[in-house]
Amino acid sequence: MSSTMLGLFAIATSLCLGLVCGAQYDYGAYDHNRDAFRQGRFPDGFIWSTATASYQIEGAWNVDGKGESIWDRFSHTPGKIDRGDTGDVACDSYNKYREDVQLMTELGLKYYRFSLSWTRIFPDGTSTSGPNEAGVAYYNNLINELIRNGVTPMVTLYHWDLPQNLQDTYGGWVSEGVVRHYNDYATFVFQTFGDRVKYWITFNEPWVVCYIGYGTGEHAPGIQDERNSTYLCGHNILKAHAQAWHTYDTNFRASQAGQVGITLNSDWAEPRDPDLDADLIATDRYLQFYLGWFANPIYSVQGDYPIVMKEAVLAKSQAEGLRESRLPQFTQEEVEFIRGTSDFFGLNHYTTRIIEDNVVVGAAPGYSNDRDIAQYTAPEWNRAESEWLYEVPWGLRRLLNYIKLNYGDPEVLVTENGRSDGDVTPPVMQDRDRICYYMTYIDEVLKAIEEDQVKVRAYTAWSLMDNFEWARGYTERFGLHYVDFNDPNRPRTPKESAGFYKDVIASNGFPAGAEVTRMAQNMWGECRGAAAATRANIALLALSFIITAMYNLVKM
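If you're wondering where the values come from, they're calculated on a predicted model, not measured in any experiment.

## Focus: the overall build of the protein chain
Move 1: Helices and strands together make up the secondary structure of the protein chain, namely 20 helices and 17 strands.
Move 2: Relative to the compact-globule value of 24 Å for 556 residues, the protein chain shows a C-alpha radius of gyration of 25 Å, a close match.
Move 3: Taking all 556 residues of the protein chain together, the buried fraction comes to 60%.
Move 4: Summarising the internal contacts of the protein chain: among those between residues at least 6 apart in sequence, 77% fall at separations of at least 24.
Move 5: When the accessible surface of the protein chain is totalled, it reaches about 21,600 Å², and 51% of it is carbon and sulfur.
Move 6: Between the centroid of the 48 positive side chains of the protein chain and the centroid of its 72 negative side chains there is a distance of 2 Å.

The structure is reproduced here in structure tokens:
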């Protein structure tokens, strides 16, 4: 065979393996069995919701007796937030909450997830500094307005805005001293609002709080200590969560009949080479360090941190010459106190990663390098404005199945899922990419319920409206409604995705014959199949061309 033919054969083989024949390894390829649209209705009583967080929307940062939070301090520190943005006014929901509730009723929502600002209730974080009557009145008014309009409140106690006083006094979540104050705060809000609130979430995304806030320092309070503070933060948040759950269970459950859970965030993960044991093990290690860090102590049969995580951090600690692990240890009494402290599994999910085993030697010790992994994305995955957010709908279904199999088949509430656009002029109002995102991810939830019998009880779109997106300020927009942050009145305008989500809610999914179902069927190729199909067709055409060329060379 000539060198020319050998070269063509190599190219053909590469194309076959990479584009046509290698679908097992090609996470960007369209898989009909996995990715095809499924029509159907969600179960009766399924919860459709949207979500926001106090610092991201309320504004009024120093109004009516509110104290300073770590995000107030962080956003006022030069260089911490893109463009120097702050949450001082944000969406001004402190003054516009009635308008926000009308946005919900227009969508047909029956549920709304929002968070309380700790410092609006206890200005310095301690019970002796409160209650601040104006802050309590604001939340009473919001809750009553929701109920008056047929919307059930789902309340998060902590969505990242720790009182600055507790950060200054204790060092924040690295100290167990904060746990007592958190429980005082939780007790007060259970007592004050629990006659009307039946869904409580103790913490939103402790992984972000502890890794991004106390590890990389990209979020408030800006601590850069992956080595120790990240793990201490997680340890104390787990204790605080369990204490609050027991407080509710002992003192309020009988009279209020509510539910208390926690919301954990997690990507899904796939091995870079599914045939390589090292990558399979690394993928599990990634998930255990991510989701298992908080899920295992609460939801697993045995409790405590995942064994994989304990062994990995211990080995890294010993390699540093330490006698004990940098990952704190629970006593057996604490393991039992934390285990089982959730009435549902709250899940925030946005994206997926491809994981490769990568033993880290000689690098700075800490959470990132303790995992011994490298992570990637497939080139075909569409990226949102957020640099970390790639659209991989099937990852949500696989994660839901993972939770079912590993954490006792709990009732799952998807408490966030959504997609960002950029802050551009003119604004993105015909947000077809967001419609595609919601359409495909919601359909994966339907598959998980109907085909896999995962007990998913709720789906929550992030977010009701554009808001302060943490370190990114107002440069990223996740909202179903556009907010003009240049207008002092902060007007809200529905985007095209708001109409789509409204139709999904009204139809309770994608039932046969519904207009929203026909829309999904018509858009499915654009949203999921067209790019992959085009890619496969190009590959086949190229392969056909090369084979023809090889045949002609043989005849010469």
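Having put the structure on the table, let's press on.
## As for the packing of helix α7 (residues 133-148) against helix α9 (residues 177-193)
Move 1: Close contact between α7 and α9 brings their axes to 11 Å; oriented N to C, the two are set at 45 degrees. One way to sum up the angle between α7 and α9 is to call them oblique. Note on packing geometry: the crossing formed by α7 with α9 is right-handed. Facing Val136, Tyr139, Asn140 and Ile143 of α7, the residues of α9 in contact are Phe188, Thr192 and Phe193.

## Some points on the pattern of salt bridges
Between side chains of opposite charge, pairing is possible as soon as their charged atoms come close.
Move 1: Scanning the entire structure with this criterion turns up 45 salt bridges.
Move 2: Close ionic contact of Arg477 with Asp466 constitutes a salt bridge, the shortest N to O distance being 2.7 Å. Placement of Arg477 in strand β14 (residues 476-477) and of Asp466 in the loop between β13 (456-461) and β14 is noted, with a sequence separation of eleven residues between them. Comparing Arg477 with Asp466, the two get one shared label, buried.
Move 3: We note a salt bridge from Arg518 to Glu515, for which the minimum N-O separation is 2.9 Å.

## Examining the state of the cysteines
Move 1: Under the counting rule described, the total for this entry stands at two disulfides.
Move 2: In this model, Cys210 is linked to Cys233 through a disulfide, with the two sulfur atoms separated by 2.1 Å. Handedness of the Cys210-Cys233 disulfide follows from its S-S torsion of about -70 degrees: it is left-handed. Highlighted residues: Cys210 in helix α10 (residues 206-213) and Cys233 in helix α11 (residues 229-251), separated in sequence by 23 residues.
Move 3: Take Cys210: its relative accessible area is 0%, and that puts it in the buried class.
Move 4: Overall, Cys233 belongs to the buried group, its relative accessible area being 0%.
Move 5: Across the disulfide from Cys436 sits Cys527; the S-S distance is 2.0 Å. Sign of the S-S torsion, about -65 degrees for the bond between Cys436 and Cys527, identifies this disulfide as left-handed.

## Focus: the confidence of the model for the protein chain
When pLDDT drops low, the exact placement of atoms in the prediction is not to be read closely.
Move 1: Taken over all residues, the pLDDT of the protein chain has a mean of 93, while the share at 70 or more is 90%.
Move 2: Here residues 1-24 is a poorly scored stretch, pLDDT under 50, and it has 28 contacts once near neighbours within four places are set aside; other chains count.
Move 3: Per-residue pLDDT stays below 50 along residues 530-551; that stretch engages in 23 contacts with residues further than four places along the chain or on separate chains.

## What to know about the pairing of strand β3 (residues 111-115)
Move 1: Along β3, five of the five residues are buried, which leaves the element largely enclosed by surrounding structure.
Move 2: Of the two faces of β3, the one carrying Tyr111, Arg113 and Ser115 and the one carrying Tyr112 and Phe114 are both buried.
Move 3: The sheet contact formed by β3 and strand β4 (residues 152-158) spans five bridges and is parallel. When the sheet's bridge partners are listed, Tyr111 is paired in β4 with Thr152.

## Regarding the sheet that holds strand β2 (residues 47-51)
Move 1: Around the barrel, eight strands lie side by side as β2-β3-β4-β5-β6-β8-β11-β13; this closed barrel has parallel pairing. Across the sheet, the axes of successive neighbouring strands diverge by a mean angle of 25 degrees, strand direction being ignored.
Move 2: Bridging between β4 and strand β5 (residues 199-204) involves four bridges; their strand directions are parallel. Within β5, the residue paired with Val155 across the bridge is Trp200.

## Here's the deal with the packing of aromatic side chains
Move 1: Enumeration over the complete set of coordinates arrives at 61 aromatic pairs.
Move 2: Their ring planes at 85 degrees and their centres at 5.8 Å tell us that Tyr97 and Tyr138 sit as a pair that is edge-to-face. With a gap of 41 residues between them, Tyr97 in helix α5 (residues 93-107) and Tyr138 in helix α7 connect regions that are remote in the sequence.
Move 3: Taking the relative accessible area as the measure of exposure, Tyr97 reaches 7% and is therefore buried.
Move 4: Ring plane angle 75 degrees and centroid distance 6.5 Å describe the contact between Tyr139 and Phe193, whose orientation is recorded as edge-to-face. Of this pair, Tyr139 sits in helix α7 while Phe193 sits in helix α9, and the two are 54 residues apart along the sequence. Neither residue differs from the other here; Tyr139 and Phe193 are each classed as buried.

## Examining the layout of surface pockets
Move 1: Computed from the structure, the largest pocket encloses a volume of approximately 930 Å³.
Move 2: Lining the largest pocket are 36 residues, and of these Trp207, Val208, Ile212, His219 and Trp388 sit closest to its centre.
Move 3: Elements represented by at least two residues in the lining of the largest pocket include exactly α10 and α13 (277-299).
Move 4: When residues of the lining of the largest pocket are assigned to their parent elements, the largest contribution, four residues, is made by α10.
Move 5: The class makeup of the residues in the lining of the largest pocket is 13 nonpolar, twelve polar and eleven charged.

Definitions and limits used
Residues numbered from 1 in each chain as written. Predicted model: local features only at pLDDT ≥ 70, side-chain atom pairs only at ≥ 80, totals over all residues. Heavy atoms only, no water. Helix = DSSP H or I, 4+ residues; strand = E, 2+ residues; numbered from the N terminus. Rg over C-alpha atoms; globule rule 2.2 N^0.38 Å. Buried < 20%, exposed > 50% of the residue type's maximum accessible area, 1.4 Å probe, protein only. Contact = heavy atoms within 4.5 Å. Areas by Shrake-Rupley, 256 points an atom, 1.4 Å probe, with all protein chains shown as cover. Lys, Arg positive; Asp, Glu negative; His and termini not counted. Charge placed at Lys NZ, Arg CZ, Asp CG, Glu CD. Axes fitted to C-alpha atoms, helices over the stretch in contact; angles between N-to-C directions. Parallel < 35°, antiparallel > 145°, perpendicular 65-115°, else oblique. Left-handed = near helix turned anticlockwise from the far one by under 90°. Salt bridge = Lys/Arg side-chain N within 4 Å of Asp/Glu carboxyl O. Disulfide = S-S within 2.5 Å. pLDDT = per-residue confidence, 0-100. Pairing = 2+ DSSP bridges. Phe/Tyr/Trp six-rings, centres within 6.5 Å; stacked < 30°, edge-to-face > 60°. 1 Å grid on protein atoms, 1.4 Å probe; cavity = no way out; pocket = protein on both sides within 12 Å on 5 of 7 lines; lining within 4 Å. Points joined across faces, edges and corners; volume = space filled by probe spheres on them. Nonpolar A, V, L, I, M, F, W, Y, C, P; charged D, E, K, R; others polar.

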